[in-house]
Amino acid sequence: MKTGHKISLIYSGITIGLLLIAGMVFYFFSSNYIRNLYFHYMQEKAHAVAEEKFSKDELDPVKYRNVVIRRKASIPTSKELFVNVENHDLARQVLSAYLDDEQIKQLYANQTVNFEHGQEVGTAFVYYDNTGTFAVIVLSRNPYGADISRTLRWALLFLVLVSAGVLWLISRLYAMRMLDRIDRDYQTEKMFVNNASHEINNPLTAIQGECEVGLLRDYSAQEYQDILRRIAHEAERVVTIMRELLQFSHVRSGEEMTELEPVSIAPLLQSIAKGRCEVDSQSDFTVSADAHLLRMAFHNLINNAIKYSDGQPVTIIITDHLVVIRDRGIGIPKDDLPHIFEPFYRASNTGSVIGHGVGLALAKAILEKHGATVSVESKQGEGTTARVTFR
């Protein structure tokens, strides 16, 4: 089974299980409450029945009529029994048909006893009258409780089924999105490591080769200087790559920037482009940024434009919250354009132009961390336009 299916099944199973438990608890307490409420009404009916039977000769007509009305207005009963408990043997014989020994004992202790008898429920208590002491038993079927319980069961079943379907779809969608993101990040990191290893390995191999050449025989001082110069050049390449990798990793780490300050874009770009390209500041604006990182991002974009401009002029246009860097250089092939911001990716037409493929990726990461969006339009042989839009 695929990982996404496993995750969605586990998530759905746990959630549906918790929902079932909550539903069962709700059903238990609701049914118990309905049952106790019905017993309460049964007790009221039992007292009304007893009062109607034994108080007729003690009440005036108006009060007795109110007792009758109260008895009729209470819940319907299927059986009403009055057992004279002064005759213990006969009373126990009748009571034992409805109550067990413990319940009979509670009844004689003047406690109200609620009980179940077949498909009916009943209540019993002892009533003291001037004509004797009687056990009053009232039986009734509880249609309300059965209907309500049945409705609750079907409602809970429907809720669980619908919730199960919805949760399954949500968990599948969430799992697929999460796995797609994990897979995308994994592939990116894998490519990043592979490319980084390759880029670092090249100058290190060159350094190793120069060292081996220098050890083959004795050379003149000038030849040793040439070897050391080449080693220093390759070592500088390694240092540059490592510095860019550390900066790129730091920017991608997700850490919040703390040293923010107002930065005017026009003076920043003019200082970077001074003597190298034209800056057209139509409308300057200020952003809250890490000045060092922002300078690094624009420095990489401008350097990249100059590097591949093929000697043609590079123009920087500044308008309200928008920076446009345009060159008329070699351009970017259509197939390479979607990948230019991937670390270590270099377009197929870069030829012998020196580069590591980290500058654009680092610039985009820095600018996005400052809330800007970066887009690039290019046509091979005609030039490239990079747009940086700040919110």
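The preceding data block contains the structure.
Residues numbered from 1 in each chain as written. Predicted model: local features only at pLDDT ≥ 70, side-chain atom pairs only at ≥ 80, totals over all residues. Heavy atoms only, no water.

In this section: the overall build of the chain. Scanning the chain from N- to C-terminus turns up 9 helices and 11 strands. Taken over 391 residues, the chain has a buried fraction of 38%. Looking at the chain alone, contacts between residues at least 24 apart form 62% of all its contacts between residues at least 6 apart. Just so you have it, the chain exposes about 23,500 Å², and 56% of that area is on carbon and sulfur atoms. (Helix = DSSP H or I, 4+ residues; strand = E, 2+ residues; numbered from the N terminus. Buried < 20%, exposed > 50% of the residue type's maximum accessible area, 1.4 Å probe, protein only. Contact = heavy atoms within 4.5 Å. Areas by Shrake-Rupley, 256 points an atom, 1.4 Å probe, with all protein chains shown as cover.)

Time to look at the environment of Asp 100. On the secondary structure map, Asp 100 appears in the loop between α3 (88-95) and α4 (101-108). Note: C-alpha distance between Asp 100 and Phe 115 (15 residues apart in sequence) is 9.5 Å. Only 2.8 Å separates the side chain of Asp 100 from the backbone nitrogen of Gln 103, close enough to count as a polar contact. (Polar contact = N/O pair within 3.5 Å; in protein donor to acceptor, adjacent residues only side chain to side chain.)

Take the nonpolar core next. Within the largest apolar cluster, 38 residues are counted, with the highest numbers of intra-cluster contacts made by Ile 265, Leu 294, Phe 298, Ile 325, Leu 367 and Phe 390. With 8 residues, the single largest contributor to this core is helix α8 (residues 291-307). Sequence-distant contacts of Ile 325, that is, excluding residues within four places in its chain, are made with Phe 298, Leu 301, Ile 302, Ala 305, Val 314, Thr 315, Ile 316, Thr 384, Thr 385 and Ala 386. Listed in part, the 16 residues of the second largest apolar core include Leu 81, Val 85, Phe 115 and Ile 137. (Core = buried A, V, L, I, M, F, W, Y, C linked by side-chain atoms within 4.5 Å.)

So, on to unusual backbone geometry. It is generally the case that most residues other than glycine have a negative phi and that most peptide bonds are trans. With a phi angle near 65 degrees, Asn 110 is a residue other than glycine that sits in the positive phi range. Residue placement: Asn 110 occurs in the loop between α4 and β2 (113-117). Non-glycine residue His 321 carries a positive phi angle of around 60 degrees. If you trace the backbone, His 321 turns up in the loop between β8 (314-319) and β9 (322-327).

With respect to the helices and strands, the residue Asp 129 is situated in strand β3 (residues 120-129). No salt bridge is formed by the buried Asp 129. Its closest oppositely charged neighbour is Lys 53, at 9.4 Å. A polar side-chain atom of Asp 129 sits 2.6 Å from a polar atom in the side chain of Thr 131. (Lys, Arg positive; Asp, Glu negative; His and termini not counted. Salt bridge = Lys/Arg side-chain N within 4 Å of Asp/Glu carboxyl O.)

Before going further, it helps to spend a moment on the packing of helix α7 (residues 265-273) against α8. Helices that pack against each other are described as a pair by the angle of their axes relative to one another and the distance between those axes. Running from N to C, α7 and α8 point in directions that differ by 50 degrees, and their axes come no closer than 10 Å. Taken as axis vectors, α7 and α8 run oblique relative to one another. Here the hand of the crossing between α7 and α8 comes out right-handed. Here α7 contributes Ile 265, Leu 268, Leu 269, Ser 271 and Ile 272 to the contact with α8, which in turn contributes Leu 294, Arg 295, Phe 298, His 299 and Ile 302. Residues of the contact of α7 with α8, tallied by class, amount to 7 nonpolar, 2 polar and 1 charged. (Axes fitted to C-alpha atoms, helices over the stretch in contact; angles between N-to-C directions. Parallel < 35°, antiparallel > 145°, perpendicular 65-115°, else oblique. Left-handed = near helix turned anticlockwise from the far one by under 90°. Nonpolar A, V, L, I, M, F, W, Y, C, P; charged D, E, K, R; others polar.)

Right, let's get into the pairing of strand β11 (residues 383-390). Along any regular strand the residues' side chains alternate between the sheet's two faces. Most of β11 sits inside the fold, with 6 of its 8 residues counted as buried. Bridging between β9 and β11 involves 6 bridges; their strand directions are antiparallel. Bridge assignment links Val 323 to a residue of β11, and that residue is Val 388. Looking at chain direction, strand β10 (residues 372-379) and β11 are connected through 8 bridges and run antiparallel. By the bridge assignment for β11, Glu 377 is matched with Thr 385. Here β10 folds back onto β11, and the loop between the two strands holds 3 residues, one of which, Gly 381, carries a positive phi near 85 degrees. (Pairing = 2+ DSSP bridges.)

On to α7, then. For α7, every residue scored as buried is listed here: Ile 265, Ala 266, Leu 268, Leu 269, Ile 272 and Ala 273. Take α7 and look down its axis: the buried residues cluster within an arc of 165 degrees, on one side only. (Arc of directions from axis to C-beta.)

Enumeration according to the criterion identifies 5 aromatic pairs in this entry. Ring geometry for Phe 125 and Tyr 127: centres 6.5 Å apart, planes at 75 degrees, overall edge-to-face. On the accessibility criterion, Tyr 127 (17% relative accessible area) is buried. Put simply, the rings of Phe 285, Phe 298 and Phe 390 touch in pairs and so form one group of aromatic residues. Sitting above the plane of the Phe 82 ring, Lys 53 keeps its charged end 5.0 Å from the centroid. (Phe/Tyr/Trp six-rings, centres within 6.5 Å; stacked < 30°, edge-to-face > 60°. Lys NZ or Arg CZ within 6 Å of the ring centre and 35° of its normal.)

Let's shift gears to the packing of α3 against α4. Running from N to C, α3 and α4 cross one another at 130 degrees; their axes reach a closest spacing of 11 Å. Classed by the angle they form, the pair α3 and α4 counts as oblique. Pair α3 / α4 crosses with right-handed handedness. Together, His 88, Ala 91, Arg 92 and Leu 95 of α3 and Asp 101, Ile 104, Leu 107 and Tyr 108 of α4 make up the contact between the two elements. A breakdown of the residues in the contact of α3 with α4 according to their chemical character gives 5 nonpolar, 1 polar and 2 charged.

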